[in-house]
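Given next are the chains, with one letter for each unit.
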Amino acid sequence: MLRKILSSIAFAIGLFSAASVQANDIEIGAVFPLSGPNATYGDIFMSGADLAAKHANDDGMLSGDLKILYEDSQALPQQGVVAMNKLVNVEGVPYVLSAFTGVSKAISTLAQRSRTVAVNGGGVGPDLAELGEYFWNVIPLANNEVGALAAYAVNDLGHKRFTLVYVDDPLGESILNELEKTLPSLGAELVESHSIAASAQQFSGVAARVRSNNPDVVYVASYGSQQLQIVKQLRDNGVKAQIASYSAFSVPGIQQQEEAQGALFTTQSIDWDSEDPVTKRFVDDYQAMHGKNPTSYIANYYNAVRVFALLAQVLEEQDKEITGANLLAQRKATDTFELVGGEVSFQENGTLLAPIQVLEVDGSGSGKTVFVKATE
Amino acid sequence: MLFLQLLANGLQVGAIYALTAAGFSLIFGSTKIFHFAHGATFAIAAYLFHFALAGMGLHWTFAVAVAAISAVVFGVLLDRFMYAPIQRHEGSFFTVFVASFGIGIVVQNLLGSLFGRGFMSVATPLSNSVEVMPGLYLSPLNGLAIVCAIICFAALHFFLTRTFVGKALRALSENPELVRMFGLSPRRLSTYAFALGSLLVVPGAIFTAAGTGINPAVGHHVMLISLAATIVGGIGSLRGAACAGLMIGVAENLAMWKLGTQWSEAITFAILFFFIIFKPSGFFGRATVS
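Residues numbered from 1 in each chain as written. Chains lettered and ligands numbered in written order. Predicted model: local features only at pLDDT ≥ 70, side-chain atom pairs only at ≥ 80, totals over all residues.

### As for the overall build of chain B
Of regular secondary structure, chain B possesses twelve helices and two strands. What you see in chain B, going N to C, is helices and strands ordered as α-α-α-α-β-β-α-α-α-α-α-α-α-α. Here the C-alpha radius of gyration of chain B, 19 Å, is about what a compact globule of 290 residues would show, namely 19 Å. Across its three principal directions, the C-alpha atoms of chain B cover 60 × 50 × 35 Å. (Helix = DSSP H or I, 4+ residues; strand = E, 2+ residues; numbered from the N terminus. Rg over C-alpha atoms; globule rule 2.2 N^0.38 Å.)

### Digging into the overall build of chain A
Helix and strand counts for chain A come out as twelve helices and 14 strands. Here the C-alpha atoms of chain A give a radius of gyration of 22 Å, agreeing with the 21 Å that 2.2 N^0.38 yields for 376 residues. Considered along the principal axes of its C-alpha atoms, chain A spans approximately 85 × 45 × 40 Å. The proportion of buried residues among the 376 residues of chain A is 53%. In chain A, the share of contacts with a sequence separation of at least 24, taken over all contacts with a separation of at least 6, comes to 67%. (Buried ≥ 20, exposed ≤ 12 C-beta atoms within 10 Å, placed from the backbone. Contact = placed C-beta atoms within 7 Å.)

### Regarding the packing of helix α2 (residues 39-58) of chain A against helix α11 (residues 296-317) of chain A
All names here are of chain A. Axis separation between α2 and α11 bottoms out at 7 Å; the angle between their running directions is 35°. In this structure, α2 meets α11 at a crossing whose hand is right-handed. Of the residues in α11, those in contact with Ile44, Phe45, Ser47, Gly48, Ala49, Leu51, Ala52, Ala53 and Ala56 of α2 are Tyr297, Ile298, Ala299, Asn300, Tyr301, Tyr302, Ala304, Val305, Arg306 and Ala309. Among the residues forming the contact of α2 with α11, the class breakdown is 15 nonpolar, three polar and one charged. (Axes fitted to C-alpha atoms, helices over the stretch in contact; angles between N-to-C directions. Left-handed = near helix turned anticlockwise from the far one by under 90°. Nonpolar A, V, L, I, M, F, W, Y, C, P; charged D, E, K, R; others polar.)

### A look at the sheet that holds strand β4 (residues 117-120) of chain A
Residues and elements named next belong to chain A. Strands sit in the order β2-β1-β3-β4-β5 across an open sheet of five strands; the sheet is parallel. The strands lining the two open edges of the sheet, one partner per strand, are β2 (66-72) and β5 (135-137). The sheet shows a mean angle of 25° between the axes of neighbouring strands, taken without regard to direction. Of the strands in this sheet, β1 (26-32), β2 and β3 (95-98) touch helix α3 (residues 77-91), which is tilted by about 145° from β2. Against the sheet, α11 touches β1, β2, β3 and β4, its axis set at about 170° to β3. (Pairing = 2+ DSSP bridges.)

### Section: the nonpolar core
One finds Ala49 and Val96 of chain A together with Ala45 and Phe49 of chain B to be the most contacted residues of the largest nonpolar core, which totals 207 residues. The dominant element in this core, judged by the number of residues it contributes, is helix α1 (residues 2-31) of chain B, at 13 residues. Dropping the residues within four chain positions of it, Ala49 of chain A is found in contact with Ala30, Ile68, Leu97, Tyr301, Tyr302, Ala304 and Val305 of chain A. (Core = buried A, V, L, I, M, F, W, Y, C linked by C-beta atoms within 7 Å.)

### Quick notes on the pairing of strand β7 (residues 189-196) of chain A
Residues and elements named next belong to chain A. Sheet analysis places strand β6 (residues 161-167) next to β7, joined by seven bridges and oriented parallel. Bridge pairing in β7 links Phe162 to Leu190. A crossover connection joins β6 to the parallel β7 through helix α6 (residues 170-186); in handedness this β-α-β unit is right-handed. (Right-handed = clockwise from strand over helix to strand, strands pointing away.)

### A look at the interface of chain A and chain B
Frequently, the measure chosen for interface size is the accessible area that the parts lose on association. Listed by partner, the interface residues are 30 residues for chain A and 31 residues for chain B. Among the secondary structure elements, those contributing two or more residues to the side of chain A that touches chain B are α2, β7, α7 (204-213) and α8 (224-236) of chain A. Across the side of chain A that touches chain B, the residue classes break down as eight nonpolar, 17 polar and five charged.

### Re the environment of Ile26 of chain A
Residues and elements named next belong to chain A. Along the chain, Ile26 falls in strand β1. Residues Ile26 and Ala333 lie 307 residues apart in sequence; the distance between their C-alpha atoms is 22 Å. Leaving out residues up to four positions away in the same chain, Ile26 has contacts with Leu62, Gly64, Leu66, Ala312 and Ile322.

### Description of the packing of helix α11 (residues 238-258) of chain B against helix α12 (residues 263-278) of chain B
All names here are of chain B. The contact between α11 and α12 brings their axes to 8 Å, and the two run at 135°. In this view, α11 runs oblique relative to α12, as classed from their interaxial angle. When you trace α11 past α12, the crossing you get is right-handed. Contacts between α11 and α12 pair Ile248, Ala251, Glu252, Ala255 and Met256 from the former with Trp263, Ser264, Glu265, Ile267, Thr268 and Ile271 from the latter. A per-class count over the contact of α11 with α12 returns seven nonpolar, two polar and two charged. (Parallel < 35°, antiparallel > 145°, perpendicular 65-115°, else oblique.)

### Description of the environment of Tyr95 of chain A
All names here are of chain A. The topology assignment puts Tyr95 in strand β3. Taking C-alpha positions, Tyr95 is 8.3 Å from Glu27, a pair spaced 68 residues apart along the chain. Not counting the four nearest positions on each side in its chain, Tyr95 is found in contact with Ile28, Val117, Val119, Phe308, Gly324 and Leu327.

### Concerning the confidence of the model for chain B
Residues and elements named next belong to chain B. On average, residues of chain B carry a pLDDT of 87, and 98% of them reach 70 or more. Taking the mean pLDDT of every element in chain B, the minimum, 80, falls on helix α7 (residues 176-181) and the maximum, 94, on helix α2 (residues 38-55). Both confidence scores are given for the complex: pTM 0.77, ipTM 0.77. (pLDDT = per-residue confidence, 0-100.)

### A short note on α12 of chain B
The end-to-end C-alpha distance of α12 of chain B is 21 Å, a good match for the 22 Å that 16 residues give at a rise of 1.5 Å each. Regarding α12 of chain B, the residues found buried are Ser264, Glu265, Thr268 and Phe275 of chain B. What you see down the axis of α12 of chain B is that its buried residues fit within an arc of 130°, all on one side. Along α12 of chain B, exposed side chains directed more than 90 degrees from the buried face belong to Phe273, Phe274, Ile277 and Phe278 of chain B. Residues of α12 of chain B that are buried sit in contact with α7 of chain A together with α10 (218-233) and α11 of chain B. (Expected span 1.5 Å × (residues − 1). Arc of directions from axis to C-beta.)

If you want it as structure tokens, here you go:
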């Protein structure tokens with residue numbers, strides 16, 4: 001009898017504590033690569049998202065603790081859909097952080113159907129701007145990045161002949177399309193493009209082909225470990241042309257890679273020395289926690305979580321439920337957001353408009369980049 | 001000149017493929033164990049070589065010894081403590097495969113946790129190519145990989161044809177019952193096969209760490225190539241696996257001479273399908289009647 005009473009009490013306590021956690025916590029989801037060759041990006045993205053959640057909780061922006069439920073996509077569309085399904089149908093989150101073009105495109109249908117907001121801060125395929133009103137981007141897309149870099153390379157450096165080495169996925173295809181569209185209008189040409197499988201690791205043959213074309217610029221459209229292998233093998237195999245890429249190069253691996261010295265890449269323009277309170281707090285706290293400077297990816301996912309906190313705060317003040325539909329309506333009703341990098345606004349298609357900067361890897365091994373130019 | 005360059009690249013890649021494929025083929029041919037974790041052995045050897053050289057600052061000869069010992073120990077431990085119990089309980093071929101596959105995934109994640117999930121490479125001037133003829137670039141690693149493969153195969157040939165254990169291993173692949181009748185222990189020979197097969201991945205792992213760089217998933221590709229080379233070369237034929245590995249490496253690179261770069265990997269499987277359809281016994285395998 002006593003055992004039954006004790007177990008009933010224990011059960012009741014368990015139920016009560018579970019209910020109190022659910023009542024107090026406000027949960028959002030994230031579909032990031034946490035394992036596999038692109039897991040390094042997951043760590044980077046999480047550091048930004050977690051810092052934003054910490055700031056929101058420290059400031060008491062919401063009625064409960066903001067928590068992020070992480071699911072592993074392995075940067076693969078199929079795994080991404082499995083993760084999104086769990087977050088939407090089991091956890092019931094109204095807001096999901098997404099990364100990588102292929103994964104983002106794969107989960108967008110479910111986001112639209114379930115009226116769950118999905119926010120991308122890492123993928124840059126231009127078609128991510130057209131995935132429905134529940135899909136938002138807090139990162140400038142490849143059309144902006146490729147255009148800015150091509151203009152700089154052609155107009156400022158006088159380069160005319162480009163070769164593209166691109167991974168055979170939606171991201172790579174979109175960069176190929178952008179270069180084919182952009183270069184002729186600048187008076188330059190794409191002399192050859194080399195498609196590579198996402199799993200490829202051996203690029204000495206690609207380097208031989210690139211060298212035989214004698215381009216001025218080799219644009220690398222890959223990510224993760226693969227882009228580092230491409231850069232190393234291009235240089236090891238005698239390719240001396242200017243290497244260029246997009247924001248995927250803003251990872252510590254590239255910044256510390258000797259062979260990447262002098263490589264140009266683009267990110268959205270953020271003044272890390274800005275006195276704007278949101279940016280300053282983000283930079284100071286990140287440096288204090290990690291002992292190094294943040295990158296644009298970290299700022300993007302900080303911003304993605306901060307956008308949620310700002311919208312949810314207003315919804316709670318209005319006694320409205322925090323749902324995907326209400327978050328969308330509130331975003332449309334909000335003209336500007338105070339985010340890292342300054343005051344920004346969303347375009348009609350749910351993509352943030354931000355200026356682009358061209359950076360150069362200084363190759364000192366200290367993980368620094370050299371600011372080259374900012375473009376609107 | 002592009003053809004010559006691709007041929008030179010292909011010979012280097014093929015030499016590494018040949019060694020790893022020969023290791024897999026030796027294990028599979030002798031023990032009939034589908035050692036999918038052969039790729040994990042490759043990854044362990046590459047990572048520990050990198051760690052010993054860059055992390056601990058050891059001389060490269062000691063780093064090579066660390067890589068070799070770790071590969072052999074890993075292979076032998078797997079044989080003793082995973083495959084042997086499964087076989088004792090008469091586990092099926094599929095059970096062994098799943099267990100081996102699982103070990104591959106565990107090792108990949110362990111390496112990621114211990115050494116980081118990002119890209120690593122050994123910084124060495126040996127990987128820098130120099131222009132030996134107009135348009136033809138070769139690195140010292142190109143030559144070293146080919147020379148090392150030739151030496152390893154010569155030593156392997158000597159071991160298998162001139163030593164008692166080598167002959168016993170060949171006998172094991174032919175007829176395990178006969179080996180027992182001669183008073184030899186197939187289990188002990190299996191351990192030798194794993195030790196030797198695992199040792200054969202070490203040169204490839206070291207050249208990969210120095211040349212293309214490594215990440216925790218590096219073993220998958222190695223495993224796919226080893227498997228394809230074993231089938232193309234003829235199951236159980238070391239000579240066949242080595243030739244097939246070399247052929248696949250050369251074909252992967254030469255494909256880029258006229259075809260797009262995206263066909264490079266596909267060519268491996270095109271060769272594999274060709275052999276499966278038109279010569280299922282492979283280069284040097286013997287046709288069997290079931």
